[in-house]
Amino acid sequence: MTTPRDASAAVRVQHRAALETLPMSDTADFDATSRGRIDELSPGVVRAVGGEVVWDNDSYAFLEGDAPDTVHPSLWRQSQLVARQGLFEVVEGIYQARGFDLSNVTFVEGETGLVVIDPLLSAQTAAAALGLYRKHRGDRPIHAVIYTHSHVDHFGGVKGVVSQEDVDAGRVRILAPEGFTEHAVSENVYAGTAMGRRAGYMYGAALARGPRGQVGAGLGQTTSTGTITLIAPTDFISTTGHEETIDGVRMVFQMAPDTEAPAEMLIYFPEHRALCAAEDATHNLHNLLTLRGALVRDPRGWARYLTETLDLFGADVDVVFASHHWPTWDNEHVVHYLTLQRDLYAYLHDQTLRMLNKGLTGPEIAELIQLPPVLENAWHTHGYYGSVSHNVKAIYQRYIGWFDGNPAHLWQHPPVEAATRYVEFMGGADAVVEKAQQYFDNGDFRWVAEVVNHVVFAQPDHAAARELLADTYEQLGYGSENGTWRNFYLSGATELRDGSFGTPTVTASADVVSNLSPDMLFDAFAIQLDGPRAWDQALSIDVVFNDVDQRYRLRLSNGALTYSSAPQRGDADATLTLPRASLPALAQATTDPAALAAAGIDVAGDAGVLDRLFGLLDPGDPNFTIVTPD
C-alpha cells in the first residue's frame with residue numbers, strides 16, 4: 001500500500017481560514033452527544049459468527065484533540081461527535097443505540113415489551129445493540145419493528161432483533177410506509193451493482209482509518225459489513241394522522257414520501273412529547289442526490305413536509321430524534337432546529353430555480369449560491385454528507401436534466417475519445433503532466449484533476465499522470481468538509497495507486513432478492529438482458545403461480561424482454577409452474593433440472609427456452625473501474 005502524503009501548504013492555509021469563520025465556540029453538540037449516556041459496548045467491535053469483524057467503532061479512537069492538517073476542522077469535529085458510541089436515554093421510555101453502524105436503532109418501551117425503530121444495516125450490529133439495551137433494561141420482548149423508510153441501513157439488521165417465525169406467528173408486527181417494499185428492493189437490485197460499487201467510494205470502505213484516511217462519512221462513520229436481512233412488512237402506513245397503539249405505545253404518523261427516501265414517514269409519540277424525524281432532519285445538510293447514485297430527491301416537498309411537521313407537532317414536541325446523529329431537546333430549540341432544516345432545503349430549491357431561470361447552469365449556480373448567515377452559522381446545516389455544491393446540481397438535474405442547453409455539450413465524445421484528443425491538443429501526455437505539476441504546486445487542485453484525468457483516460461499506464469492525479473485527489477480529500485467527498489477523493493487516490501478494491505458491501509442480499517415481486521424480478525431480468533446478442537432471438541414463457549391466481553407471459557423480441565399479466569392468445573414456448581414462495585429460486589437464473597425441481601418449479605414445453613433466455617443475461621460487474629477507463 002502506498003503511504004499517504006502530507007497536507008500541502010494550500011490545504012493548510014485553507015484549514016486555518018476555515019477555523020476563523022467556523023462557530024467553534026458553539027460546543028452544545030458535544031453536550032448533546034453525551035446526554036443520557038448509560039453505557040458503551042466495550043470493546044466497540046462486532047463480529048460475525050465466524051469471527052470476522054463487521055463493525056469496529058474503536059478504529060476511530062484517533063479522533064481526539066484538534067484537527068490535523070490532513071482533515072478539514074469542521075469534518076473532524078463532526079466525526080468526533082458521530083463516533084460517540086453507546087446506549088443513550090432520549091427521554092424516559094425511549095432509548096437509542098448510537099455508534100453501532102451508519103445509522104441509529106431506537107427502542108421504545110411499552111407496557112410489557114418494545115417497539116424497535118430502524119434496526120440498523122446488519123443483523124450482527126443490530127443484535128449487539130439490542131444486547132446492550134437488554135443488559136441495562138431487561139429482556140423485554142419485541143412487539144413491533146418500524147422501518148421509517150426504504151434505505152437498507154434502516155431495515156437490514158431486522159433479523160438481528162426478531163425472527164421471521166415470530167412475524168409469521170403474529171407475535172411481531174412490522175410497520176413501514178406505503179411503497180416501502182418496492183423501493184427497498186428495487187434500489188438494491190435494479191441499479192444495485194453500480195450503486196454498491198460507488199458506495200464503496202462514498203463510505204471509504206477500503207480506506208485505512210486515520211487522519212490521512214477515512215475519518216467518517218458525516219451522516220455516520222461508515223457502513224457495517226455484516227449480513228443484510230429483510231422481513232416484509234405486515235402493516236403499511238399510508239396517511240398522515242394515522243394512529244397506532246402497540247403495547248401501550250401510542251404513535252401518530254406523518255407521511256413524507258419523496259423526501260430523503262421515496263417511501264418515508266415520521267412518528268410522533270404524544271405521551272413522550274417526542275418526534276422521530278426518520279432522516280428528514282439530521283445534524284447535517286442531507287443529499288438530494290447521493291454520490292452513490294439514486295433518484296433525485298424533491299427539496300421543495302422536503303421543505304413542505306417539515307413545515308407540516310412544525311404545524312402538526314411544533315407546539316407540543318419537547319425532543320426530536322432521528323435515525324442518525326443525536327437528539328435535540330426543549331421545545332424552543334426543537335422548533336428552531338426544524339425551522340432551520342426546513343429553510344435550508346427551501347432556500348436551495350428556490351434560489352437554484354431563480355438562477356436557473358436566469359440562464360445559469362448547475363455548476364455555475366453551485367459556485368455562486370451563498371447560504372444566509374443564520375444557516376451558514378448553524379452546525380447542523382453544514383454539508384458533511386450532502387453539500388450545497390452537489391445538491392444544487394441535483395436540483396438543476398431534477399428540473400432540466402443533463403443537458404445545459406449549450407449545443408457544444410449536446411453530442412460530446414465519450415471520456416476516452418475526448419481525453420485522447422485533449423491530450424494531443426495540449427501537446428502530449430508528458431507536457432500536460434509537466435504543466436499540471438505547476439498548478440498542483442500552486443494549490444489549484446481542481447484544475448489539475450480536470451486536466452490530468454484526461455491523461456489517465458487517454459493513457460492509463462502513464463505512471464507520472466497516475467501519481468500526480470492520485471496526489472491531487474488526496475489533497476482535495478484533505479480539504480473537504482464533506483465526509484463523502486473526502487472518501488470519494490481518497491478512494492480514487494487509493495485505486496490509482498493500489499488497484500481496484502471492488503464492492504465491499506453487497507446490498508442485494510438473499511433476503512432482499514426474496515422480496516422481489518414477479519414484476520420486479522422480470523424487470524431485473526430485462527435490465528440484465530444483453531440486447532445486441534438478443535436481436536435475432538424470439539421466445540415466450542408463461543410463468544404460472546399455482547398457489548395464487550396469478551400468471552404472466554414473458555416475451556423476448558427485438559432485444560427487449562417484456563411481460564404481461566393479461567390473458568394471452570395461444571401457447572407459450574414453455575410454461576413454468578411454481579408456488580409464489582419459489583420466486584427467489586427463479587431469480588437465481590438456473591436451468592439445472594434438479595435445482596428447479598427441488599425448488600418446486602415445473603417446466604413444460606421447450607425446456608431449452610430457459611437456457612436461451614438465461615444465456616442472454618449479462619449481470620453487472622461489481623469491480624468496474626471508476627478513475628480509469630473501463
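Summary of the structure given here.

1. Remarks on the pattern of salt bridges
- One pass over the full model with this rule turns up 26 salt bridges.
- With a closest N to O distance of 2.6 Å, R37 and E40 form a salt bridge.
- Note on R37: relative accessible area 42%, which makes it partly exposed.
- With a relative accessible area of 35%, E40 lands in the partly exposed category.
- Taking the shortest distance from any N to any O, the salt bridge between D542 and R551 comes out at 3.3 Å.
- D542 sits in the buried class, given a relative accessible area of 7%.
- Through salt bridges with shared partners, one network takes in R5, E467, D471, E474 and R497.

2. Focus on the packing of helix α13 (residues 415-425) against helix α15 (residues 445-458)
- Contact geometry of α13 with α15 gives a least axis separation of 8 Å together with a crossing angle of 110°. The pairing of α13 with α15 is recorded here as roughly perpendicular in orientation. Regarding α13 and α15, the two cross each other, and that crossing is left-handed. Together, P415, V416, A419, T420, Y422 and V423 of α13 and H454, V455, F457 and A458 of α15 make up the contact between the two elements.
- Grouping the amino acids of the contact of α13 with α15 by side-chain chemistry returns eight nonpolar, two polar and no charged.

3. Here's the deal with the packing of aromatic side chains
- For the coordinates displayed, the defined rule picks out 20 aromatic pairs.
- With centroids separated by 6.2 Å and ring planes inclined at 45°, the aromatic side chains of Y60 and F62 adopt a geometry described as tilted.
- Given the relative accessible area of 4%, Y60 is considered buried.
- Three or more aromatic residues link up through ring pairs in this structure, and these residues are F522, F545, Y552 and Y563.
- The cationic tip of R98 hangs over the ring face of F88; the distance from NZ or CZ to the ring centre is 3.9 Å.
- Between R197 and the ring centre of F501, over which it is positioned, the NZ or CZ distance is 5.2 Å.

Analysis parameters
Residues numbered from 1 in each chain as written. Predicted model: local features only at pLDDT ≥ 70, side-chain atom pairs only at ≥ 80, totals over all residues. Heavy atoms only, no water. Salt bridge = Lys/Arg side-chain N within 4 Å of Asp/Glu carboxyl O. Buried < 20%, exposed > 50% of the residue type's maximum accessible area, 1.4 Å probe, protein only. Axes fitted to C-alpha atoms, helices over the stretch in contact; angles between N-to-C directions. Helix = DSSP H or I, 4+ residues; strand = E, 2+ residues; numbered from the N terminus. Parallel < 35°, antiparallel > 145°, perpendicular 65-115°, else oblique. Left-handed = near helix turned anticlockwise from the far one by under 90°. Contact = heavy atoms within 4.5 Å. Nonpolar A, V, L, I, M, F, W, Y, C, P; charged D, E, K, R; others polar. Phe/Tyr/Trp six-rings, centres within 6.5 Å; stacked < 30°, edge-to-face > 60°. Lys NZ or Arg CZ within 6 Å of the ring centre and 35° of its normal.

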